[in-house]
Amino acid sequence: MTPARKRRLSQPALDLTAAAAGALFPFSFAPYSLALLAILCVALMAVLWRHSTPRRAALRGFLFGLGQFGTGVSWVYASMHDFGGADVGEGIALTGLLVAYLAAYGALAGYCARRLTGLGAGPWQTVVGAALAWVGADWLRGWMFTGFPWLQLGYTQVDTALGLGFAPLLGGYGVAFATALVAASVSIAAGFGWTRRDRLAALCFAAAVWLVAAGLARIQWTEPAGPAIAVALIQGNIGQAQKWQPEIQKATLQHYRDLTRLHFDARVVVWPETAVPAFYHQVKDRFLRDLAAEAVARGTDLLIGMPVMDQASGRYYNALVAVGSESGMYFKRHMVPFGEYLPIRSVFGFVAELLEIPMANFERGSDRQALLRAGGYPLAASICYEDGFGHESRFGLPEAAYVVNVTNDAWFGRSLEPDQHLQMARMRALESGRYLLRATNTGVTAIVS
């Protein structure tokens, strides 16, 4: 009798497997935070890429990306349709274009991984090559056209030894590289043509990376700059559809003032991004003047998100304004594409015609801005999207004693975005070794240790 031949999955079936892995991958991020799932998905892709042609590997990377971003950033549709003025068809089309663009980086990762880790490559070349391809694509996606850093591999490990150990030393991309090394090692340990010696070595290497991370996680890399201060973070929960309506402006200001008066026992009170639905010059002479007087009398410093206009030029900025014993302004430096500015207007001008986004033409703040001070300490400020970029969030370090991020997640309703966004902010706290105060209009307001 002849032995039965093993049945193998067809190439199209393996392609669909890549798409399914991509659709599962977002569940490794918040709010689900299945960190092990990320390692398994990357390990599976390492196997699929190695056992394919470069062209097929690119296709599988693209299919993975379609699943990844089609599932993980579907909330973009809400911002375009519910609040941006796009109809259903336009919202679906624009979201689909974004997902396809982001998936192209997966195709690049697959092609490069196959070139670096083909069937003739040894185990160490395979491990390092797959990790470099994955993290390189993540880095490029976080840089091109000002970058879109969502669903990068490193964020999945913010609660594991890999994140806790490597983030303070190597940052988010270092965590991603360590994670990809472990995943690629797992792909070898699983077999699929490797010798027993190779599998054992790969398993030992994965364990060693994890043990090193666990050891580093026990080290306290920073120490307090001085006595602790009491802080309060205000979340007004003003819906995006109502936020800029002139008839509720007065009620909004009164709402935030009333909430603040309940917390004048705090040394620092933080309001979220554009909590004040008016320009600074429109509210400074009465509302802010009276509020500042109250704050100074109670020994409280306020950090308030609001737009600031240069009345001479007409240009305006997304700002965080310090009010109280010490005054100052921080102007946002990294604008959100299509939300706060329009990249390559000659190509994407049609998007501006489809969307109706208020305050959508902010100017970029300077890279050389004096640090804000509140509560007796200098602080590193960031606004919304900026907390997704580790290198930009280092603005103000090492002088800053703590980090403040103000944001507005009301654009995305009750979707995955607020939890994903907070997870990214938590990585910034790990990288800087400082407390992070994060105030949001809606979503998740948090103090991160």
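Remember, predicted model here, so these are calculated numbers, not experimental data.

(A) Quick look at the overall build of the protein chain. Scanning the protein chain from terminus to terminus reveals 14 helices and ten strands. Over its C-alpha atoms the protein chain spans a radius of gyration of 24 Å, differing by no more than 12% from the 22 Å that the globule rule assigns to 449 residues. Counting only C-alpha atoms, the protein chain reaches 95 × 50 × 35 Å along its principal axes. Within the span of the protein chain, comprising 449 residues, buried residues form 53% of the whole. Restricting to contacts in the protein chain with at least 6 residues of sequence separation, those with at least 24 account for 71%.

(B) Layout of the packing of aromatic side chains. In this structure the tally under the stated criterion is 21 aromatic pairs. Judged by centre distance (5.7 Å) and plane angle (45°), the rings of W49 and W134 are tilted. Highlighted residues: W49 in helix α2 (residues 35-50) and W134 in helix α6 (residues 123-141), separated in sequence by 85 residues. The class of W49 is buried, set by a relative accessible area of 3%. Ring centres of Y330 and F395 lie 5.7 Å apart, and the angle between their planes is 45°; this geometry places the pair in the tilted category. With Y330 in strand β5 (residues 328-331) and F395 in the loop between α13 (390-393) and β8 (402-407), the pair connects residues that are 65 residues apart, well separated along the chain. The positively charged end of K243 is found above the aromatic ring belonging to W244, 5.6 Å away from the centroid.

(C) How the structure looks around the pattern of salt bridges. A complete count under the given rule lists 14 salt bridges for this structure. Across the pair R373 and E326 runs a salt bridge whose closest N-O atoms are separated by 3.3 Å. Remark: E326 occurs in the loop between β4 (316-323) and β5 and R373 occurs in strand β6 (residues 372-374); sequence separation between them is 47 residues. Classification of E326 by relative accessible area gives partly exposed; the value is 30%. For the salt bridge of D367 with R333, the shortest nitrogen-to-oxygen distance reads 3.5 Å. Within this pair, whereas D367 is found in the loop between α12 (345-354) and β6, its partner R333 is found in the loop between β5 and α12, the two being separated by 34 residues in sequence. On the basis of relative accessibility, which here comes to 45%, the residue D367 falls in the partly exposed class. Taken together, the shared-partner salt bridges in this structure form one network comprising D15, R56 and R60.

(D) Expanded view of the side chain of S432. Here S432 is to be found in helix α14 (residues 417-432). A distance of 3.0 Å separates a polar atom in the side chain of S432 from the backbone oxygen of R428. Dropping the residues within four chain positions of it, S432 is found in contact with T222, L397 and V403.

(E) Spotlight on the sheet that holds β5. Strands sit in the order β1-β2-β3-β4-β5 across an open sheet of five strands; the sheet is mixed. At either margin of the open sheet sits one strand with a lone partner, and together these are β1 (231-233) and β5. The mean angle between the axes of side-by-side strands here comes to 25°, regardless of whether they run parallel or antiparallel. Sitting on the sheet, helix α11 (residues 280-298) is in contact with β3 (301-309), β4 and β5, with an inclination near 175° to β3.

Analysis parameters
Residues numbered from 1 in each chain as written. Predicted model: local features only at pLDDT ≥ 70, side-chain atom pairs only at ≥ 80, totals over all residues. Heavy atoms only, no water. Helix = DSSP H or I, 4+ residues; strand = E, 2+ residues; numbered from the N terminus. Rg over C-alpha atoms; globule rule 2.2 N^0.38 Å. Buried < 20%, exposed > 50% of the residue type's maximum accessible area, 1.4 Å probe, protein only. Contact = heavy atoms within 4.5 Å. Phe/Tyr/Trp six-rings, centres within 6.5 Å; stacked < 30°, edge-to-face > 60°. Lys NZ or Arg CZ within 6 Å of the ring centre and 35° of its normal. Salt bridge = Lys/Arg side-chain N within 4 Å of Asp/Glu carboxyl O. Polar contact = N/O pair within 3.5 Å; in protein donor to acceptor, adjacent residues only side chain to side chain. Pairing = 2+ DSSP bridges. Axes fitted to C-alpha atoms, helices over the stretch in contact; angles between N-to-C directions.

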